[in-house]
Amino acid sequence: MKKIIMLLQEKMEKAFFECGYNEKYAKIIVSNRPDLCEFQCDGALAAAKEYKKAPFLIADEVVGKCKNCEEFEKIEVVKPGFINIIVSNDFLVNYCNEIINNEKFGCEMDKEKTVVIDYGGPNVAKPLHVGHLRPAIIGESIKRIHKFFDNKVIGDVHLGDWGLQMGLVIEEMKVRHPEWCYFDENYQGEYPTEVPFTVSDLEEIYPCASAKTKTNENSTEDEVKKANEFKENARLNTSYLQQGKKGYYDLWKKIVEISIADLKKNYKKLDVDFDLWLGESDSQKYVEEMVKKMQSMGILYESDGAMVVDVQEPEDSAPINPCMVLKTGGVSCYQTTDLATIMQREKDFSPDEIIYVVDKRQDLHFVQVFRCARRAKLIKDTSKLTFLGFGTMNGKDGKPFKTRNGGVMRLESLIKEVKQKIYNKIKETKDVSDEDTENISDIVSLAALKYADLSNQIAKDYIFDIDKFTSFEGNTGPYILYTAVRIKSILRKYYENNDEIKNKDIQAPREDIEKKILITIAKYNEILEDTYNNNAPHILCAYLYELANLFNVFYQKVRILQGDKKTIQSNIVLLTLIKDIFENGTELLGFKIPDKM
Ligand code: ARG
């Protein structure tokens, strides 16, 4: 469907043209003085310069041509030359009624694209912590938005399972359990099917191993030596692993298996899921071919033992280091796996776009990887590589969010804490069974978490303030849900005593607030397209908040279930449409609306 603003603009363009002015001046925007009008056109002011005529005169001529347009209830010029517009009820109501019959709210679909979305990015053997919240929440929403626009979308978790952290974990296991068959060079049998450690063991092992590599200015010579030895062993383990060495590879497989099972459980709690559970390691089989390709193109060269590709471009204002394709000794590093994964994705899906939802501090890494991938032609020239870098989630002190005693907070604990808050709130105010409260708080706490994140621009840091975003008032997830639940309960009440409404038409608005709601509904398609085109869920959040506010005013003013039958039916059709928008919007953001709350 054409956007409502475009329909108005087309009329305005015709008027400008008929008066002999360039149509480019006919741009219509939503009014920035809603007390005076609904839409406006400021083009006469700019046109005045080109045509050397007073803006007021130009606007007056143009408005003269619009007097009989059925779209406009009122169109007038105000000094010095603004054109203020109030749309007609008929036009508005027809537009909204058309939306009711359009399953995509009148959004235009793009031509179908294949899009791989790389999000989540957890690391094997390390527990999920709050830092993993943003890529999961944002990625899930971006995925849903792209699906809504009919793209073929593949969400890939891209596990960190191939780097030095694996060598570290293996080293620590070796120190603790030298007797394990995995470390016995002469072991001939099958490796046991049961796993000799649990997730909790893993979660304790990695930090312990990592601490063993750290030294400071007070460390003795002996301590430094020990740390370096540990690190060197870990490096060796990593390279054995990457070469597929027996025992090491088998142990690693167990670590990955245990981790994935646990990760799946945790992502499920967040209502986040992935089509692919691939990791960095899955790209290893492409590394050799990739390196050969780069060599044959003559772009790969040795530098300090590593193999690199230049990625500097003439227009760069600062020098950019070459992209490291292999570390010393042919070991794969973070860049290797990302490059080889591009190759893998190209082979498997030939995507039109790959979107990376990753911490914005990894910006430089992706500049290097993308440029290197392009130089090496690992992906079609026409395919887009998009880095969607997100900002940091900070605590109230403006520093990265920590637990009360300063540690990194586990994602599980955070979810629990939010849920508890919501649980208490519901229990305080409502007489609901424990079980219902349990279920409702699951849904509402996810909404609180996700909305708090998504209502901010992705690239910006934001302050994670539990009290604020679990509030049932203000610009929060619970407030949006509360409003939607209110609508659902009115609809339920109506349908207790009434049949399905056959004639799904909204009547002309009788109240100002009703007209405002209709105008807001009419622009939902534009909001969705903006959200999609800019990968910007915060646009959708702001819209839902605006709609919720308007609805709550309407609810105070209008007796929805009172009046003549036609009026009530029209109210119900309107409420159903608002509910559909809330359901669609929250679904795209990644959460649900409960039946009661
Ligand atoms: N595992 C990485 C990390 O913890 C994030 C992975 C992001 N995705 C990617 N393709 N590099 O930093």
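I will try to describe carefully the structure that is included in this document. Keep in mind it's a predicted model, so treat the numbers as computed, not measured. (Residues numbered from 1 in each chain as written. Predicted model: local features only at pLDDT ≥ 70, side-chain atom pairs only at ≥ 80, totals over all residues. Heavy atoms only, no water.)

### A word on the pairing of strand β11 (residues 384–390)
Turning to step 1, where the next piece is worked out: Within β11, 5 of the 7 residues are buried, which leaves it mostly tucked inside the rest of the structure.
Turning to step 2, where the next piece is worked out: As defined by bridge partners, strand β10 (residues 353–359) adjoins β11 across 7 bridges and the pair is classed as parallel. Counted as the bridge partner of V358 is G389 from β11.
Turning to step 3, where the next piece is worked out: Running through helix α12 (residues 363–375), the crossover from β10 to the neighbouring parallel element β11 is right-handed. (Buried < 20%, exposed > 50% of the residue type's maximum accessible area, 1.4 Å probe, protein only. Helix = DSSP H or I, 4+ residues; strand = E, 2+ residues; numbered from the N terminus. Pairing = 2+ DSSP bridges. Right-handed = clockwise from strand over helix to strand, strands pointing away.)

### Quick word on the packing of aromatic side chains
Turning to step 1, where the next piece is worked out: Taken as a whole and assessed by the stated rule, the structure comprises 31 aromatic pairs.
Turning to step 2, where the next piece is worked out: Plain terms: the ring middles of F366 and F387 are 5.0 Å apart, the flat faces sit at 20° to each other, and that makes the pair stacked. Of this pair, F366 sits in helix α12 while F387 sits in strand β11, and the two are 21 residues apart along the sequence.
Turning to step 3, where the next piece is worked out: Aromatic pair Y479 and Y545: ring centres 5.8 Å apart, planes at 70°, arrangement edge-to-face. With a gap of 66 residues between them, Y479 in helix α16 (residues 477–497) and Y545 in helix α19 (residues 537–557) connect regions that are remote in the sequence.
Turning to step 4, where the next piece is worked out: Overall, the relative accessible area of 25% leaves Y545 in the partly exposed class. (Phe/Tyr/Trp six-rings, centres within 6.5 Å; stacked < 30°, edge-to-face > 60°.)

### With respect to the site of the ligand
Turning to step 1, where the next piece is worked out: Close contacts around the ligand come from D118, G121, N123, H158, Y334, D338, Y356, V358, Q362 and F366, and that covers them all.
Turning to step 2, where the next piece is worked out: One nitrogen or oxygen atom from the side chain of D118 is found 2.9 Å from a nitrogen atom belonging to the ligand.
Turning to step 3, where the next piece is worked out: The separation between a nitrogen atom of the ligand and a polar main-chain atom of G121 is 3.0 Å.
Turning to step 4, where the next piece is worked out: Bound to the protein, the ligand loses 84% of the 340 Å² it would expose on its own. (Near = heavy atom within 4 Å. Polar contact = N/O pair within 3.5 Å; in protein donor to acceptor, adjacent residues only side chain to side chain. Areas by Shrake-Rupley, 256 points an atom, 1.4 Å probe, with all protein chains shown as cover.)

### Focus: the pattern of salt bridges
Turning to step 1, where the next piece is worked out: Inspection of every chain in the model, using the stated rule, returns 50 salt bridges.
Turning to step 2, where the next piece is worked out: Two residues, R144 and E140, come together in a salt bridge whose shortest N-O distance is 2.8 Å. Placement of the pair is R144 and E140 together in helix α5 (residues 133–148), with a separation of 4 residues, close to one helical turn. By the burial criterion, R144 is buried, and E140 matches it.
Turning to step 3, where the next piece is worked out: In this structure, K265 engages D262 in a salt bridge whose closest nitrogen and oxygen atoms are separated by 3.4 Å. With K265 and D262 both in helix α9 (residues 248–269) and 3 residues apart, the pair spans about one turn of that helix.
Turning to step 4, where the next piece is worked out: We classify K265 as partly exposed; its relative accessible area is 46%.
Turning to step 5, where the next piece is worked out: One salt-bridge network, in which partners are shared between bridges, spans E140, K143, R144, D273 and E587. (Salt bridge = Lys/Arg side-chain N within 4 Å of Asp/Glu carboxyl O.)

### A word on the environment of C333
Turning to step 1, where the next piece is worked out: With respect to the element layout, C333 can be found in the loop between β9 (323–326) and α11 (334–349).
Turning to step 2, where the next piece is worked out: Not counting residues up to four positions away in its chain, the partners in contact with C333 are M324 and K327. (Contact = heavy atoms within 4.5 Å.)

### Concerning the sheet that holds strand β3 (residues 72–78)
Turning to step 1, where the next piece is worked out: Spatial ordering of the open sheet is given by β1-β2-β4-β3, a layout of 4 strands whose pairing is antiparallel. On the outer flanks of this sheet lie β1 (28–30) and β3, each paired with one strand and no other. Along the sheet, successive strands turn relative to each other by an average axial angle of 25°, direction set aside.
Turning to step 2, where the next piece is worked out: Where strand β2 (residues 39–41) and strand β4 (residues 82–87) come together, 3 bridges link them in antiparallel fashion. Its bridge partner being in β4, C41 is matched across the sheet by I83. (Axes fitted to C-alpha atoms, helices over the stretch in contact; angles between N-to-C directions.)

### Thoughts on the sheet that holds β9
Turning to step 1, where the next piece is worked out: The strand order across the open sheet formed by 3 strands is β7-β8-β9, and the pairing between neighbours is antiparallel. The strands lining the two open edges of the sheet, one partner per strand, are β7 (300–303) and β9. Here the average twist between neighbouring strands, direction ignored, is 45°.
Turning to step 2, where the next piece is worked out: Of the pairings in the sheet, the one linking strand β8 (residues 306–309) to β9 comprises 3 bridges and is antiparallel in character. For M307, the partnering residue across the bridge sits in β9 and is L326.

### What to know about the nonpolar core
Turning to step 1, where the next piece is worked out: If you look at the biggest cluster of nonpolar residues, it comprises 161 residues, and the most contacted ones within it are M12, M173, I255, L414, F464 and F582.
Turning to step 2, where the next piece is worked out: Residue contributions to this core peak at 11 residues, all from helix α20 (residues 565–589).
Turning to step 3, where the next piece is worked out: Those residues in contact with L414 that sit more than four places away from it in its chain are V130, L133, F401, M409, L449, F464 and I466.
Turning to step 4, where the next piece is worked out: Core analysis: the second largest hydrophobic core is formed by 32 residues, V291, C323, Y356 and A373 among them. (Core = buried A, V, L, I, M, F, W, Y, C linked by side-chain atoms within 4.5 Å.)

### Brief notes about helix α10 (residues 284–297)
Turning to step 1, where the next piece is worked out: Spanning 14 residues, α10 covers 21 Å between terminal C-alpha atoms, matching the ideal 20 Å at 1.5 Å per step.
Turning to step 2, where the next piece is worked out: Looking at the buried side of α10, the elements it contacts are β7, β8, β9, α11 and α12.
Turning to step 3, where the next piece is worked out: G298 sits one or two positions beyond α10 and adopts a positive phi of about 75°. (Expected span 1.5 Å × (residues − 1).)

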